[in-house]
Each structure stands twice: as structure tokens, then as C-alpha cells.
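Fold and contact review
Residue strings, one per chain:
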Amino acid sequence: MVTYRICCKYFISTQYLFLGSLGRKPKLVEKSVQSKPIIELRSLSKSFGDKNIINNFNLAINNGEFLTILGPSGCGKTTVLRLIAGLEELDEGSIILNGEDITNVPAEKRHVNTVFQSYALFPHMTIFENVAFGLRMQKVPNDEIQTRVMEALRMVRLDDMAKRKPAQLSGGQQQRIAIARAVVNKPEVLLLDESLSALDYKLRKEMQNELKALQRQLGITFIFVTHDQEEALTMSDRIIVMNKGNIEQDGSPRDIYEDPKNLFVAKFIGEINIFDAKVIERKTANKVIANVEGRICEIDTDMDVSADQKLKVLLRPEDIVIEELDENENSKAIIGHIVDRSYKGMTLESTVILDHNNMKVLVSEFFNEDDPHIDHSVGQKVALTWHEGWEVVLNDENSQ
Ligand SMILES: Nc1ncnc2c1ncn2[C@@H]1O[C@H](COP(=O)(O)OP(=O)(O)OP(=O)(O)O)[C@@H](O)[C@H]1O
């Protein structure tokens, strides 16, 4: 444990220093998925009574992709999933699976399977019979059922539990059985609706890794629905952020976290500090001189801006550099004082109140015992700047 923590600290702090010297965040190696769409949702609309839930919803999901639909409760995530599964009828639009229009194909004939939040295992049946159920309904021969069920159970590493009943399994194991029951039908697409939300924190973390590994191993397209942003960032190749039935942003986890397109996405994913800024003048094609909370500095933007235009500058807690105030050295910084400080394992978090407007700013520093700057304390006057180029700049009028 100690070695692990030291390694982590070393990795993160060296990465952090390396980044600081480069002035940009590290490149991640991202898995490539086939760019051929397996599912196309074309202009979907759905209302319940007179309440419109989904309106003109368009999305192409690539073959082999782990796609997460993320959004607040009630935004329509499950409705999208149920429309794909054929469990709800569309008002308008069409659904294409592998080039074939399946809009009017009944749920049981679609090559998609759903794993729900409640695993819905039959309590009186053995694990084997639970997994075999769909195949028996399809009148698959017995010897083939035997082979396919055991193969699916081996895949989720529960083949030694085939004779048990669901009540004799833990929550995580039951969840794996629900997945085995879905994959035994060899679906082209697996739909997972809040499938991990009933698990406790530790098990949930383990299952996130297992599910991701399983998806890579199976090569099946996964469409995963969650309102948990951390889960979405950890597991997905691509995230769709939804709000009130619309797509706010469609991108890789890194795009969504580091380059949110609007304030809704920025606030929904992780912590963010939102500074008011006013344009002074353009300096180069992608740099503007601006007044950000009283700090005259350069910000990165190629937006078409004019003098005095209001902007928003968005900074994650880890983007901000916090230093002890030295009036001579930090005259170009934003000034405040620390009101709270908390240890988070690999990071130290400070809450800073800005002197000029009492705004609360959250700052996160990677923990490094050798760094004297980490020695800040509550009450201390501090100067805030940020790693050049890490800011996200939004138009004030677009950022509502
Ligand atoms: N069968 C239904 N009849 C009437 N209203 C429904 C029905 N199903 C869903 N709704 C409504 O549609 C809206 C979207 O529901 P949906 O379940 O798709 O949201 P969600 O984003 O998945 O939310 P959550 O994260 O809470 O599950 C909600 O206001 C919900 O009350």
C-alpha cells in the first residue's frame, strides 16, 4: 500500500512538473474503435402524454465502441436506451442497426440486449438456468445451450457457481450473471442502464474495470447509461452529455473534461472555477489580452472577440497555481486568502476566497512532500495564477 502510494505520488508529481514545464496537459493514448456506425439514431422524437422528452435526437454509435450517455436525472437517457431496445415506440424518426432499419422490428427480434439496474434474475432458478433462459425460449438445442452458457459464465469468471441460486451470490457476482445472461445471446449491442448503481463504492470501482475489460474482450458495442460523471470518464471511449432531451456535447472523456463546450457540461463534469473576463485586445491569432478577475493576462482563444467583450474563463482546480503572496513578485496574480484546506490522499485541496469579490475558488495541488509550496495554511494570503493554455474560454452569452 505504502509503495503504491509513493509510486502514485511520484508518477503524478513528476507528471505534474513535466506538464508545468511544457505548459500543456499530457497526451493520452486513446483506444481506436472502428468508425463504422453499428447504430444510427435518426431524428428521434418521443413524448409521454403532452410532455416532449426527446426531440430530433441524432446519434451514430460506432462498432466496438464503449459509449456512455451521461446526464442529470430525468434528461431522457433511459428513454433513448429503451427506444433502441424497442421497449418504447418512437413518435418520429428511425433506428438503423448495422445498415438495417429496425424501427418497426419488435424488441425480441432486435440483436440488442439490455442489462437493467435491478439484475432481475429469477430467484428460484440456478445461475445456469438464469443464463440459459433466453436460449431455451429460442429452442436452442440442449448441447449448444450447455456450451454457450458455460462459455458465458467463464467469461465473467463465475463458471464454478453455475449450480448456485442468485441469493447465494454477492451483488457484484449477480451483476456479472446479468451480463452473462445478456452476452450469451451474442447481441451486436449491449445496453446497460445504470447497471452498477446498486453496488457499494468499492465493488462499483472493481466492476467498472471488469466491465471495461469485458467489453474489450468481447468486442461488442456497449451503450452505457449513467448519471455518475466519474464512472463515465473512467469507462468510456466516447461520452454523450445530455440535458433536457438534447445532446450538449459529444466527445472523448478527455474532450468533455478538458474542453467543455458550454457551462452546463463544465459544471456537470467535475469541479470547475468560472472567472469573469473582459477582452482588452487581441494579441495573436489565438491569444487575447484580457482582464480576468482583475488579472491582466493572456488567454488562449481564437474566438472572434472585440474590446470590452465579456467572456468566461473556466479553470479546473488542478489548473490553478497557488503561491504565497509576495506583493513584488505576484502583482499580476489574483489575490485571495485560504479559508479551508483538506487532504485528499494524492492531492491537497484549498478553498480560496478572492479579495475583490468574495468568490470561492477551489484549488487542487498534487501532493509532493518535497515541494515547499504545498505548505500553505488556512488564513494565508495567496496569489493565484494558472498553467498557461489550460484555461477554457467561453463566450459569456453562450455560457448560460
Ligand atoms: N412511461 C413513462 N410515462 C410517462 N413519463 C415517463 C415514462 N418514462 C419516462 N418518463 C418521463 O420521461 C422523462 C425522462 O425519463 P428517463 O427515465 O428517460 O430519464 P433518465 O435521464 O434516464 O433519468 P434517471 O437518471 O433518473 O433514470 C422523465 O421526466 C420521466 O418521468
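Up top is the structure.
Keep in mind that this is a model prediction, so the values were computed, not measured. (Residues numbered from 1 in each chain as written. Predicted model: local features only at pLDDT ≥ 70, side-chain atom pairs only at ≥ 80, totals over all residues. Heavy atoms only, no water.)

**Some thoughts on the overall build of the chain**
Selection rule: Think of it this way: any DSSP run of H or I at least four residues long counts as a helix, any run of E at least two long counts as a strand, and we number them from the N terminus. The classification of residues rests on relative accessible area computed with a 1.4 Å probe and restricted to protein chains. Under 20% of the type maximum is buried, over 50% is exposed, and intermediate values are partly exposed. The Shrake-Rupley method, run with a 1.4 Å probe sphere, supplies the accessible areas, and residue values consider only the shown protein chains as cover.
Of regular secondary structure, the chain possesses nine helices and 20 strands. Put simply, the chain has 400 residues, and 50% of those count as buried. When the accessible surface of the chain is summed, it comes to about 20100 Å², and 49% of that surface belongs to carbon and sulfur atoms.

**Topic: the packing of helix H3 (residues 127-137) against helix H4 (residues 142-155)**
How two helices pack is summed up by the angle between their axes together with the distance between the axes. Worth spelling out the cut-off: Where helices are involved, their axes are fitted lines through C-alpha atoms of the stretch in contact, as for all axes, and angles between N-to-C directions lie from 0 to 180°. Here the angle decides the label: under 35 degrees means roughly parallel, over 145 means roughly antiparallel, 65 to 115 means roughly perpendicular, and every other value means oblique. Should the near helix be turned counterclockwise from the far one by less than a right angle, the crossing is left-handed, whereas a clockwise turn marks it as right-handed. By definition, residues are in contact when any of their heavy atoms lie within 4.5 Å. Asp, Glu, Lys and Arg are counted as charged, while Ala, Val, Leu, Ile, Met, Phe, Trp, Tyr, Cys and Pro are counted as nonpolar; the rest, among them Gly, fall into the polar class.
One can describe the packing of H3 onto H4 by two numbers: an axis separation of 9 Å at closest approach and a directional angle of 125°. In terms of their interaxial angle, H3 and H4 are classed as oblique. The chirality of how H3 crosses H4 is right-handed. Two secondary-structure elements touch here, H3 through Ile127, Phe128, Val131, Ala132, Leu135 and Arg136 and H4 through Asn142, Ile145, Gln146, Arg148, Val149, Met150, Ala152 and Leu153. Along the lines of polarity and charge, the residues of the contact of H3 with H4 split into 10 nonpolar, two polar and two charged.

**Regarding the site of the ligand**
For the record, the criterion: Throughout this document, a residue counts as near a molecule or strand when at least one of its heavy atoms sits within 4 Å of that molecule or strand. Counting of polar contacts relies on pairs of N or O atoms within 3.5 Å, with two restrictions inside protein: one atom must be capable of donating a hydrogen and the other of accepting it, and residues adjacent in sequence are counted only when both atoms are side-chain atoms.
Contacts to the ligand come from Phe48, Lys51, Ile53, Pro72, Ser73, Gly74, Cys75, Gly76, Lys77, Thr78, Thr79 and Glu194. In this structure, an oxygen atom belonging to the ligand sits 2.8 Å away from a main-chain N or O atom of Gly74. In this structure, Thr78 approaches the ligand through a side-chain N or O atom, which is 2.7 Å from an oxygen atom. Burial of the ligand by the surrounding chains reaches 60%, relative to a free accessible area of 640 Å². Classifying every residue of the shell around the ligand gives four nonpolar, five polar and three charged.

**Some words on unusual backbone geometry**
Phi at Ser43 takes a positive value of approximately 50°, unusual for a residue other than glycine. Within the element layout of this structure, Ser43 appears in strand S1 (residues 37-48). Located in the positive-phi region is Lys244, a residue other than glycine, with phi close to 45°. Turning to its location among the elements, Lys244 is positioned in the loop between strand S9 (238-243) and strand S10 (246-251). By relative accessible area, Lys244 is classed as exposed at 69%.

**A closer look at the packing of aromatic side chains**
How we decide: Ring pairs are drawn from Phe, Tyr and Trp, using the six-membered ring of Trp, whenever the two centres fall within 6.5 Å, and their geometry is named by plane angle: stacked under 30 degrees, edge-to-face over 60, tilted for the rest.
Summed over the entire model, instances satisfying the criterion amount to five aromatic pairs. Between Phe66 and Phe224 the ring centres are 5.8 Å apart and the planes differ by 55°, which places this aromatic pair in the tilted class. Taken together, the residues Phe66 in strand S3 (residues 66-70) and Phe224 in strand S8 (residues 221-226) connect sequence positions 158 residues apart. We note that Phe66, like Phe224, is buried. Ring geometry for Phe264 versus Phe268: centroids 5.8 Å apart, planes at 10°, classification stacked.

**Some words on helix H2 (residues 77-85)**
In an α-helix there are 3.6 residues to a turn, and that puts residues three or four apart on one side. Most of H2 is tucked away: seven of the nine residues are buried. Burial in H2 covers these residues: Lys77, Thr79, Val80, Leu81, Leu83, Ile84 and Ala85. The first or second residue beyond H2 is Gly86, which carries a positive phi of 85°.

**So, the sheet that holds strand S2 (residues 51-62)**
Definition in use: Only strands that DSSP links by at least two bridges are regarded as paired with each other.
Taking strand neighbours across the sheet as the criterion, the four strands line up as S2-S1-S4-S5 in an open arrangement whose pairing is antiparallel. If you trace the sheet from one side to the other, it starts and ends with S2 and strand S5 (100-101), each paired once. Taken together, the five bridges between S1 and strand S4 (residues 92-97) define a ladder with antiparallel strand orientation. Of the residues in S4, the one forming a bridge with Leu41 is Ile95. Packing of H2 onto the sheet brings it into contact with S1, S2 and S4, and relative to S1 it is tilted by some 115°.

**Description of the pattern of salt bridges**
The test is simple: Definition used for salt bridges: Asp or Glu carboxyl oxygen within 4 Å of a side-chain nitrogen of Lys or Arg.
In this structure the tally under the stated criterion is 23 salt bridges. The salt bridge partner of Arg216 is Asp237, with a shortest N-O separation of 3.7 Å. Of this pair, Arg216 sits in helix H6 (residues 201-218) while Asp237 sits in the loop between helix H7 (229-235) and S9, placing them 21 residues apart in sequence. A residue is classified by how much of its surface remains accessible, and Arg216, at 35% relative accessible area, is partly exposed. Within this structure, Glu65, Arg238 and Asp250 form a network of salt bridges that share partners.

**What about the sheet that holds strand S13 (residues 295-300)?**
Strand pairing in a sheet is mediated by backbone hydrogen bonds. Such pairs are either parallel or antiparallel. Taken in spatial order, the five strands of this open sheet run S13-S12-S11-S14-S20, and their pairing is antiparallel. This sheet does not close on itself; its edge strands, each paired only once, are S13 and strand S20 (392-395). Mean inter-strand twist for the sheet, computed between neighbouring axes without regard to direction, equals 45°.

**Focus: the packing of H4 against helix H5 (residues 171-183)**
Here H4 crosses H5 at 140°, and the two axes come no closer than 9 Å. The angle between H4 and H5 falls in the class oblique. For the crossing formed where H4 meets H5, the hand is right-handed. Together, Ala152, Leu153 and Met155 of H4 and Ile177, Ala180 and Val183 of H5 make up the contact between the two elements. Of the residues contributing to the contact of H4 with H5, the split by class is six nonpolar, no polar and no charged.

**Regarding the nonpolar core**
The test is simple: Buried residues of nine kinds, namely Ala, Val, Leu, Ile, Met, Phe, Trp, Tyr and Cys, make up a nonpolar core once their side-chain atoms join them within 4.5 Å.
If you look at the biggest cluster of nonpolar residues, it comprises 38 residues, and the most contacted ones within it are Val131, Val149, Leu153, Ile177, Leu190 and Leu211. At the level of elements, H3, H4, H5, strand S7 (189-193), H6 and S8 are the ones that each hand at least two residues to this core. When residues in this core are grouped by element, the largest group, six residues, is from H5. Other than its neighbours up to four places away in sequence, Leu190 contacts Asn113, Val115, Ala182, Val183, Ile220, Thr221, Phe222 and Ile223. The next biggest cluster of nonpolar side chains, apart from the first, holds 28 residues, and it includes Leu44, Ile53, Cys75 and Ile102.

Honestly, it's all geometry; don't read function into it.
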